[in-house]
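Single-letter residue listing:
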Amino acid sequence: MRKSSTKERYSTLNLLKAGGPCRLFGDIQKAFAIKLEQDKEVRQFQVNVLLAPLDIELPKGWTPEEPFMTDFLIEYTNGNKVIREAVQRADLNRLSVLKKLDYSYWYWQAQGISDWGLVVEKKENLDVD
């Protein structure tokens, strides 16, 4: 999840299930988009979906001052729609990131999509003595 006016670096991939060229911010978003493109159960997906202002107040009370984008809105062949937010594992300790994720969760609940989750990079194998 990021501001719609982000100036972050991105790469562009042409993904058929996403309807053409997509801006992908970071390695996690890029890797997950490729995975979705290859998944036979995925009918289509959208990347960086703009969150439109809602006419309702969300339960947690924090509303961003400017528009944000959700990382992935995915529709499966069985008709289910899910939301996935790509986030760095280290950022899960930051209050500002948690507020954004909370906002995304409540936003999509209000839109009738309850399957909401995170995409996080794999944890490196650590040898513990």
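Here is a short report on the structure shown in this document. Counting restarts for each chain: residues are numbered from 1 in the order of the written sequence. Since the coordinates come from a predicted model, pLDDT governs what is reported: local features require at least 70, and pairs of side-chain atoms require 80 or more to be given and counted, while whole-chain, interface and lining totals use all residues. Only hydrogens and water are removed before side-chain values are computed, so all heavy atoms of the structure are retained for them.

**Quick word on the nonpolar core**
Definition in use: By nonpolar core we mean a set of buried residues, namely Ala, Val, Leu, Ile, Met, Phe, Trp, Tyr and Cys, connected to one another through side-chain atoms within 4.5 Å. The cut-offs for exposure are 20% and 50% of the maximum accessible area for each residue type, with area from a 1.4 Å probe on protein chains only; residues under the lower value are buried, those over the upper are exposed, and the others partly exposed. The way it works is that DSSP assigns letters per residue, a run of H or I at least four long becomes a helix, a run of E at least two long becomes a strand, and they are numbered from the N terminus.
Core analysis: the largest hydrophobic core is formed by 15 residues, its most contacted members being Leu36, Phe45, Phe72 and Ile74. Of all the elements in the fold, those that place two or more residues in this core are strand 3 (20-24), helix 1 (26-38), strand 4 (42-50), strand 5 (68-76) and strand 6 (81-87). Among the elements that make up this core, the one with the highest residue count is helix 1 (four residues). Counting 13 residues, the second largest nonpolar core, distinct from the first, contains Phe68, Leu73, Tyr103 and Ile113.

**Focus on unusual backbone geometry**
Positive phi, close to 55°, is recorded for asparagine 48, a residue that is not glycine. The topology assignment puts asparagine 48 in strand 4. Here asparagine 48 falls in the buried class, since its relative accessible area comes to 14%.

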